[in-house]
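So you can see what is in the structure, the chains are spelled out below.
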Amino acid sequence: MSKAIAKIEAGGDNVYAAMTVDDYLIEWINQITNNVSILTVETYRHSQAKKSGHLGSIPLNKLNQVSIERMYKPFKEQGLADSTVHRVLRTALNRAVNRGLLATPQ
């Protein structure tokens, strides 16, 4: 069991290891579509599209705090509120952590 966990943590035998942040967010939105309102899904899709140019191509397992902080700078420069984008990203990434797809800093 410990060998299997080590492989997953190292990115091996994990279908999500090569998945980009964008791919994960799209999959996450598709998975929750039946559990939330249409308006919520549209808000999530809009938020995902805003993040796409900033974080989308980063592999999920390579995402870090610096990348996330850099994402907010263009939003602030454009005068856009980043609270919704932050809330959606936090919710999606918390689920990734709960599913074992992302590790939390120790």
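Described in the following lines is the structure provided in the data block. (Residues numbered from 1 in each chain as written. Predicted model: local features only at pLDDT ≥ 70, side-chain atom pairs only at ≥ 80, totals over all residues. Heavy atoms only, no water.)

## Structural notes on helix 5 (residues 83–98)
Owing to its 3.6 residues per turn, the α-helix aligns residues three or four sequence positions apart on the same side.
Next up, step 1: Given a rise of 1.5 Å per residue, 16 residues ought to cover 22 Å, and the 22 Å separating the end C-alpha atoms of helix 5 matches this to within 8%.
Next up, step 2: Among the residues of helix 5, those classed as buried are Val85, Val88, Leu89, Ala92, Leu93 and Ala96. One side of helix 5 carries all its buried residues, which in axial view fall inside an arc of 120 degrees.
Next up, step 3: Among the residues trailing helix 5, Gly100 stands out with phi positive, at a value near 80 degrees. (Helix = DSSP H or I, 4+ residues; strand = E, 2+ residues; numbered from the N terminus. Expected span 1.5 Å × (residues − 1). Buried < 20%, exposed > 50% of the residue type's maximum accessible area, 1.4 Å probe, protein only. Arc of directions from axis to C-beta.)

## Details of the side chain of Thr20
Next up, step 1: Its location among the elements puts Thr20 in the loop between helix 1 (2–9) and helix 2 (21–32).
Next up, step 2: Residue classification places Thr20 among the buried residues on the basis of a relative accessible area of 18%.
Next up, step 3: Filtering out sequence-adjacent residues up to four positions away, Thr20 remains in contact with Gly56, Ser57, Ile58, Pro59 and Leu60. (Contact = heavy atoms within 4.5 Å.)

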